[in-house]
Amino acid sequence: MATTGQQPAAGLHTTAGPHPAATRIHFLDNLRTAMIFLVVLYHAGAVYESSGIFASFWLVDDPSTNDVVGIVNLVVDIFVMPVIFFVSGYLATVSLRRRPGVGFLAHRFRRLMIPWLIAMLTLVPLYKVIFLYSRGLPQEHWTTYFHFSNGIFSQSWLWFLPVLFLFDALFWAGSKAKIRPPRISMAAAVAVIFVLGVGYSFALSVTGHTGWTKTPLLDFQNERLLMYFLVFLLGALSFRLRVFETERKGKGLYIAAACTAWIPLDLYVIVLLNFFLRPGQYFVSLPVDLLVMWIGFYLSLLMLLYLLLVGGRFWWNRQGRLGKALSESSYGVYIIHLVVVGGIALLLLDTGIPSLWKAVILTVSAYAVSSALVYGYRELLKRPLVALATRVPRRAP
């Protein structure tokens, strides 16, 4: 992406000349595509997980359940949205360099909030239709199907769009106010995220302020909101420091992280499961268990983020035709996938297929159908533009 003739926003880049990272970095696109697939996997798995956490509000309640998908979802839930926020922070910096004025906000509003509004008026009502139908319940008055009136459903999976727009707006406001980011290395930034994240999440947990805040405009998980913003900023910092342009170093740190990431991951999962399976019983005490849980969460999050970024950069930085098509469709897949998941889950409801196989079938088929729908829609949009371009008369030489 070439920069414009305008000056870049203050604090975004400290070295003269065009930023080489402004060109497309394929592994970030590939990572985002992979994370969207895992989002589909997570939401498909929620239909069949056995803890009962999702049973009261998830779009389809299938009585056939298993423990495996619940454990998989616990692990996926640690890193999937932080990776997406990291990539979004990196690309927001690229976009702001190209549109340093109000055009950045206008572009992000069109990109995020217009699809959000359309989905609120169409897909969220469909969610409730599927929810009631899967449980054999009668449909209700049409006014109860929207996110501001449907009670527990609220924005559901679409919470990400307005939260990301909020982060973009804060980032833009900081650039307009000429707030220069401190000179800090990536290692120091990771340490700051760990300390602030653990302190913030622990404080909310120990005081009982966990859970979701739901409003007509913003839905967010209280104990993770700051973490998402810090990871978003980490993505922006990685652009500023050109971390993806340095030469490949030894694999020692990568191998060490790959061999030890399971330790904090297990620590987090074990303590979290203890809260669910043995309510009121603690390994040490409530505050100590919560502190250990959040330390395990943030250590595993940062290690997994590092492994995915380094591994993606060095071994997945290519993109063929299929990868390009999936990457271009990933945003649309995120928006529509849950309704597709609900429709296919209804078809699988009374099939007698084991729940683990249902989860696999639902994940793969929902991702494939969603990708095909988005790809087909994009191709239909291209046709009028191509036809118009071919009709424009060329000037004689």
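As a reminder, the structure under discussion sits directly above these lines.
Quick look at the structure, then. Note that this is a predicted model, so its numbers are computed, not measured. (Residues numbered from 1 in each chain as written. Predicted model: local features only at pLDDT ≥ 70, side-chain atom pairs only at ≥ 80, totals over all residues. Heavy atoms only, no water.)

### Digging into the packing of aromatic side chains
Summed over the entire model, instances satisfying the criterion amount to 34 aromatic pairs. Ring geometry for F109 against F165: centres 5.8 Å apart, planes inclined by 75°, an arrangement best described as edge-to-face. Within this pair, whereas F109 is found in helix α3 (residues 102–134), its partner F165 is found in helix α4 (residues 160–176), the two being separated by 56 residues in sequence. Grouping aromatic residues by their ring pairs yields a cluster made of F85, W159, F160, F167, F171, W212, Y228, F229, F232 and Y334. (Phe/Tyr/Trp six-rings, centres within 6.5 Å; stacked < 30°, edge-to-face > 60°. Helix = DSSP H or I, 4+ residues; strand = E, 2+ residues; numbered from the N terminus.)

### Some details on the side chain of N73
Residue placement: N73 occurs in helix α2 (residues 68–98). Ignoring anything within four residues of it in the chain, the contact list for N73 reads L41, Y42, G45 and A46. (Contact = heavy atoms within 4.5 Å.)

### Topic: the pattern of salt bridges
Inspection of the entire model under this criterion finds seven salt bridges. Here R32 makes a salt bridge to D29, at a shortest N to O gap of 3.1 Å. You can see R32 and its partner D29 sitting in helix α1 (residues 26–45), three residues apart, about one turn around the helix. Classification of D29 by relative accessible area gives buried; the value is 4%. Across the salt bridge formed by K358 and D62, the nearest N and O atoms sit 3.0 Å from each other. Of the two residues, K358 is situated in helix α11 (residues 355–391) and D62 in the loop between α1 and α2; the sequence distance between them amounts to 296 residues. D62 matches K358 in its accessibility class, with the two residues each being buried. A cluster of three or more residues bridged by salt bridges with shared partners is formed by K324, E328 and R378. (Salt bridge = Lys/Arg side-chain N within 4 Å of Asp/Glu carboxyl O. Buried < 20%, exposed > 50% of the residue type's maximum accessible area, 1.4 Å probe, protein only.)

### Concerning a positive patch on the surface
A cluster of basic residues, K176, K178, R180 and R183, forms a positive patch at the surface. If you trace the backbone, R183 turns up in the loop between α4 and α5 (186–206). (Patch = residues over 30% accessible without salt bridge, like charges linked within 9 Å, V, L, I, M, F, W, Y side chains within 5 Å. Areas by Shrake-Rupley, 256 points an atom, 1.4 Å probe, with all protein chains shown as cover. Lys, Arg positive; Asp, Glu negative; His and termini not counted. Charge placed at Lys NZ, Arg CZ, Asp CG, Glu CD.)

### Describing the environment of Y145
Here Y145 is to be found in the loop between α3 and α4. Taking relative accessible area as the criterion, Y145 reaches 7% and is therefore assigned buried. Spatially, the C-alpha atom of Y145 lies 4.6 Å from that of P125, the residues being 20 residues apart in sequence. The residues contacting Y145, other than those within four sequence positions of it, are V124, P125, K128, V129, L132, Q139, E140 and N150. A distance of 2.7 Å separates polar atoms of two side chains, one belonging to Y145 and the other to Q139. (Polar contact = N/O pair within 3.5 Å; in protein donor to acceptor, adjacent residues only side chain to side chain.)

### Structural notes on the packing of α2 against helix α9 (residues 286–315)
Remark: α2 packs on α9, axes separated minimally by 10 Å, with the N-to-C direction vectors making an angle of 55°. The orientation of α2 with respect to α9, classified from their angle, is oblique. The element α2 and its partner α9 pack so that their crossing is right-handed. Two secondary-structure elements touch here, α2 through I78, F79, P82, V83 and F86 and α9 through F297, S300, L301, L304, L305, L308 and L309. (Axes fitted to C-alpha atoms, helices over the stretch in contact; angles between N-to-C directions. Parallel < 35°, antiparallel > 145°, perpendicular 65-115°, else oblique. Left-handed = near helix turned anticlockwise from the far one by under 90°.)

### Remarks on unusual backbone geometry
The backbone phi angle of S156 is positive, close to 50°, even though this residue is not glycine. Along the polypeptide, S156 turns up in the loop between α3 and α4.

### Observations regarding the nonpolar core
One finds M81, F85, L158, F160, F244 and L362 to be the most contacted residues of the largest nonpolar core, which totals 109 residues. If we ignore the near neighbours within four places in the chain, the residues touching L362 are A44, V47, Y48, V341, I344, A345 and L348. (Core = buried A, V, L, I, M, F, W, Y, C linked by side-chain atoms within 4.5 Å.)

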